[in-house]
Amino acid sequence: MVDDGVGIPEDFDLKAASRKSLGMRMINSLGRQLGGATTITNTGRGTCATLEIADPRKATPAEA
């Protein structure tokens, strides 16, 4: 997800934000449960939040 706001502070810490924000905690928890990763970056014109997870349809039999 990308927005066009002021962006996030240079010293933004995702783990620290997860301790203070229920929404961030939920996003990180979902990502971990699905074996994924969450990243939040400044785009220069806002913020980009990405939750990457593997496609379960492409899992090998050992992973399923």
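Residues numbered from 1 in each chain as written. Predicted model: local features only at pLDDT ≥ 70, side-chain atom pairs only at ≥ 80, totals over all residues. Heavy atoms only, no water.

### Describing the environment of Thr47
So, step 1. Relative to the elements of secondary structure, Thr47 occurs in strand E2 (residues 47–52).
So, step 2. Looking at Thr47, the relative accessible area reads 13%, which means it is buried.
So, step 3. Every residue in contact with Thr47, bar those within four places of it in the chain, is listed here: Met1, Val2, Asp3, Gly7, Ile8, Ile40, Thr41 and Asn42.
So, step 4. Within the structure, the side chain of Thr47 is placed 3.5 Å from the backbone nitrogen of Ile8, a separation counted as a polar contact. (Helix = DSSP H or I, 4+ residues; strand = E, 2+ residues; numbered from the N terminus. Buried < 20%, exposed > 50% of the residue type's maximum accessible area, 1.4 Å probe, protein only. Contact = heavy atoms within 4.5 Å. Polar contact = N/O pair within 3.5 Å; in protein donor to acceptor, adjacent residues only side chain to side chain.)

### Some words on a nonpolar patch on the surface
So, step 1. A surface patch of nonpolar side chains, about 330 Å² in accessible area, is lined by Leu30, Leu34, Leu51 and Ile53.
So, step 2. Mapping Leu30 onto the fold places it in helix H2 (residues 22–33). (Patch = residues over 30% accessible without salt bridge, like charges linked within 9 Å, V, L, I, M, F, W, Y side chains within 5 Å. Areas by Shrake-Rupley, 256 points an atom, 1.4 Å probe, with all protein chains shown as cover. Salt bridge = Lys/Arg side-chain N within 4 Å of Asp/Glu carboxyl O.)

### A few points about the pairing of strand E1 (residues 37–42)
So, step 1. The pairing of E1 with E2 spans 6 bridges and is classified as antiparallel. Looking across to E2, one finds that Asn42 is bridged to Thr47.
So, step 2. The loop that links E1 with its antiparallel partner E2 comprises 4 residues; one of these, Gly44, has a positive phi angle of about 95°. (Pairing = 2+ DSSP bridges.)

### Some words on the side chain of Thr38
So, step 1. Residue placement: Thr38 occurs in strand E1.
So, step 2. A distance of 3.3 Å separates polar atoms of two side chains, one belonging to Thr38 and the other to Asn28.
So, step 3. Discounting residues that sit within four places of it in the chain, Thr38 has contacts with Leu14, Ile27, Asn28, Thr50 and Leu51.

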